[in-house]
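The residues making up each chain are set out below.
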Amino acid sequence: MVKMTAIGKSFDGLKVFDNFSIGFLEDKITVILGPSGCGKTTLLNILAGLVKPDRGTVGSLDTVSYLFQEPRLLPWLTVWDNVALVLRDKLPDAEIQSRVEYYLRATGVSDYARFYPAGLSGGLRQRAAIARAFVYEMPLLLMDEPFKSLDIKTRYQLIEVLLELWRQKPRTIITVTHDPQEAVMLGDQIVILSQKPVRILKEVIIELERDERAGDEGMLRLEKEILEMVLG
Amino acid sequence: MTVSSISRKWISFGAIFVMIAGWRIAAAIIKQPLILPTPEETIIQLRHLVVTVDFWLHLWATLRRGLTGFGLSLIAGIVIGMLAGRDSKAEAFFRPFIILVRSTPVVSLIVLALIWLKRDSVAIFVTFLIAFPIVVQNVIEGVHNFDPELQQMLMMYRVKTKRVFTHFYLPSLAPFLAAGISSGLGIIWKVLVAAEVLAYPALGIGTQLDTARVYLQTDKVFAWTVVVMVIGLLFDYGLDLLLKKPFRVWKGATE
């Protein structure tokens, strides 16, 4: 299980984490919400090993996959090569070939495999980035507001794409968002954080199946509650 | 192409015509080919030259020196530019050397090279020193433009260092290297030929220029001068066109 125990971390004397502990459900999706600048990205970076905590232990996994807010594709490589790049030197070519094809199809970008990122819309680029995040099959996938810069329609399409990929090959996903609706659509576990130093304001486990959530009374209440807490 | 860019082109053509006409009129007034040959005499001399084997040997000798010197500055420029670009302490260390090389008078470089080196190497050495600051400056600028978000992505996905070099560093540097290469290869020839005039290697355009001067073959001086100009322009504009093409693909369009 991925967890953080008694984490302490300060930046320039400012305490971001002070004796902070959290556990994440295995092979489920955890959504983290909180006010802007509360340390959500730092939390992901600690889990990813990019930031070392001053104190405490991180029971994380050795390597993680990461979906960023921006697609972060290399402009000089085609979509295909961008996705394949993260598997190079790690798997035999034939295996890379079949995996990349599988995920490009699953994310709906097969037709654009030979396109360069600059020739694609923002939504297609983020689909390619999702393909890359999933093709790199790690037990833990971290996502830092991956749908933030997309329009609402594309956002919900991509949430569906992501859920479908996850259903096919479940893994632990920890994602950060500002959007209560997105949180309720995606999460098995929802965690709401406070301002610095970060505390857990509320933690909810949603048992209800995802396709039964839309329009559900309790879910709507939860959404409203999340919104109020995030707005603080 | 827009209407205004077409009309600007015609203005430039017109200016070239005015220059040549001015040259022709001046030559007609002076009437002394030894001082100022006419454009026709220059073209006739050029036509005589290009059919000789010697012309191509001299041309090749000069090109070879230029490309060797430039190639060396490219290698040194990439290595030192990468070091200096990634680490401000390294940059602080290399900066004075670059400024020293850049601010030394070209003619002093040539004279010192004459003292230190063999005839054949003088022009190579001087070309190297002229081109090096240009390349290094462009590489440093390129490294400063590395996208930190892409670098972080490559680190997260544990992409191997050699692949980061070939798939990230080099392509990120490419537009800056292209700019350095086309501007560098545009200007080195003037300096290189000057070095040859003084070093007098057995083969080389500079040697030919000076020989023509000694024998008062001014039309030949003009002809060789045109050759050097054409080399510079070809490298500058030709490479510019050639090297820009791949970057256009990255900025839009499909494969």
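Given the structure is predicted, the values throughout are model-derived calculations rather than measurements.

Details of the overall build of chain B
Each helix and strand counted, chain B has 10 helices and 0 strands in total. In chain B, the succession of α and β elements from N to C terminus is α-α-α-α-α-α-α-α-α-α. Seen through its C-alpha atoms, chain B measures out along the principal axes to roughly 75 × 55 × 30 Å. Every one of the 255 residues in chain B was classed for burial, and the buried ones make up 40%. Carbon and sulfur atoms form 71% of the exposed surface of chain B, whose accessible area is close to 14,600 Å². In chain B, 24 positive and 15 negative side-chain charges are present, and the distance between their average locations comes to 3 Å.

Let's talk about the packing of aromatic side chains
Under the counting rule described, the total for this entry stands at 19 aromatic pairs over all chains. Between phenylalanine 168 of chain B and tyrosine 169 of chain B, the aromatic rings sit 5.8 Å apart at their centres with planes inclined by 55 degrees, giving tilted as the arrangement. The same class applies to phenylalanine 168 of chain B as to tyrosine 169 of chain B, namely buried. Following the ring pairs from residue to residue traces out a cluster consisting of Trp76 of chain A together with Phe146, Phe165, Phe168 and Tyr169 of chain B. Above the face of the phenylalanine 68 of chain A ring, arginine 72 of chain A is positioned so that its terminal group lies 3.9 Å from the ring centre. Above the face of the tyrosine 102 of chain A ring, lysine 169 of chain A is positioned so that its terminal group lies 5.2 Å from the ring centre.

Thoughts on the sheet that holds strand S4 (residues 55-59) of chain A
Residue and element names in this part refer to chain A. With respect to topology, 3 strands assemble into an open sheet ordered S2-S1-S4, the strand pairing being antiparallel. If you trace the sheet from one side to the other, it starts and ends with strand S2 (14-23) and S4, each paired once. Direction aside, the axes of adjacent strands within the sheet are offset by 25 degrees on average. Pairing of strand S1 (residues 3-11) with S2, which is carried by 6 bridges, proceeds in the antiparallel orientation. Counted as the bridge partner of phenylalanine 11 is leucine 14 from S2. Set on the sheet, helix H1 (residues 40-48) makes contact with S1, S2 and S4; between it and S1 the angle comes to about 120 degrees.

Quick notes on H1 of chain A
Residues and elements named next belong to chain A. Along H1, 8 of the 9 residues are buried, which leaves the element largely enclosed by surrounding structure. Turning to H1, its buried residues number three or more, namely Lys40, Thr42, Leu43, Leu44, Asn45, Ile46, Leu47 and Ala48. Directly beyond the C-terminal end of H1, a positive phi value near 85 degrees is found at glycine 49.

Details of the domain arrangement of chain A
Residue and element names in this part refer to chain A. Annotation of chain A at the domain level lists domain 1 (1-63 + 140-232) and domain 2 (71-137). Domain 1 and domain 2 are separated by 25 Å when their C-alpha centres are compared. Considering only the side of domain 1, the residues that lose the most area to domain 2 are Leu158, Leu165 and Arg171, jointly responsible for 41% of the buried surface there. At the junction of domain 1 with domain 2, the criterion picks out 1 salt bridge. For lysine 169, the salt bridge is made with glutamate 137, and the minimal N-O distance between the two is 3.2 Å. For the side of domain 1 that touches domain 2, the element with the highest residue contribution is helix H5 (residues 152-168), accounting for 8 residues. Tallied by class, the residues present in the side of domain 1 that touches domain 2 amount to 10 nonpolar, 4 polar and 2 charged.

Some thoughts on the environment of lysine 9 of chain A
Residues and elements named next belong to chain A. On the secondary structure map, lysine 9 appears in strand S1. Accessibility expressed as a relative area gives 10% for lysine 9, which makes it buried. C-alpha of lysine 9 to C-alpha of asparagine 19: the two residues are 10 residues apart in sequence and 8.8 Å apart in space. Other than its neighbours up to four places away in sequence, lysine 9 contacts Leu14, Lys15, Val16, Phe17, Ile46, Val51, Lys52, Pro53 and Asp54. Within the structure, the side chain of lysine 9 is placed 3.0 Å from the backbone oxygen of lysine 52, a separation counted as a polar contact.

Description of the side chain of serine 65 of chain A
Summarising the element assignment, serine 65 of chain A is placed in strand S5 (residues 65-67). Serine 65 of chain A gets classed as buried once you look at its relative accessible area, which sits at 1%. In this structure the side chain of serine 65 of chain A is engaged in a polar contact, spanning 2.6 Å, whose partner is the backbone oxygen of alanine 133 of chain A. Discounting residues that sit within four places of it in the chain, serine 65 of chain A has contacts with Ala133, Tyr136, Met138, Leu140, Leu141 and Leu142 of chain A together with Tyr157 of chain B.

Some thoughts on the pattern of salt bridges
Tallied over the entire structure, the rule returns 20 salt bridges over all chains. Between lysine 9 of chain A and aspartate 54 of chain A there is a salt bridge whose closest N-O contact spans 3.5 Å. Taken together, the residues lysine 9 of chain A in strand S1 and aspartate 54 of chain A in the loop between H1 and S4 connect sequence positions 45 residues apart. By relative accessible area, aspartate 54 of chain A is classed as partly exposed at 42%. A salt bridge links arginine 72 of chain A to glutamate 149 of chain B, with the nearest nitrogen and oxygen atoms 3.8 Å apart.

About the cut-offs
Residues numbered from 1 in each chain as written. Chains lettered and ligands numbered in written order. Predicted model: local features only at pLDDT ≥ 70, side-chain atom pairs only at ≥ 80, totals over all residues. Heavy atoms only, no water. Helix = DSSP H or I, 4+ residues; strand = E, 2+ residues; numbered from the N terminus. Buried < 20%, exposed > 50% of the residue type's maximum accessible area, 1.4 Å probe, protein only. Areas by Shrake-Rupley, 256 points an atom, 1.4 Å probe, with all protein chains shown as cover. Lys, Arg positive; Asp, Glu negative; His and termini not counted. Charge placed at Lys NZ, Arg CZ, Asp CG, Glu CD. Phe/Tyr/Trp six-rings, centres within 6.5 Å; stacked < 30°, edge-to-face > 60°. Lys NZ or Arg CZ within 6 Å of the ring centre and 35° of its normal. Pairing = 2+ DSSP bridges. Axes fitted to C-alpha atoms, helices over the stretch in contact; angles between N-to-C directions. Contact = heavy atoms within 4.5 Å. Domains from an automatic or database assignment. Buried area = accessible area lost by both parts, 1.4 Å probe. Salt bridge = Lys/Arg side-chain N within 4 Å of Asp/Glu carboxyl O. Nonpolar A, V, L, I, M, F, W, Y, C, P; charged D, E, K, R; others polar. Polar contact = N/O pair within 3.5 Å; in protein donor to acceptor, adjacent residues only side chain to side chain.

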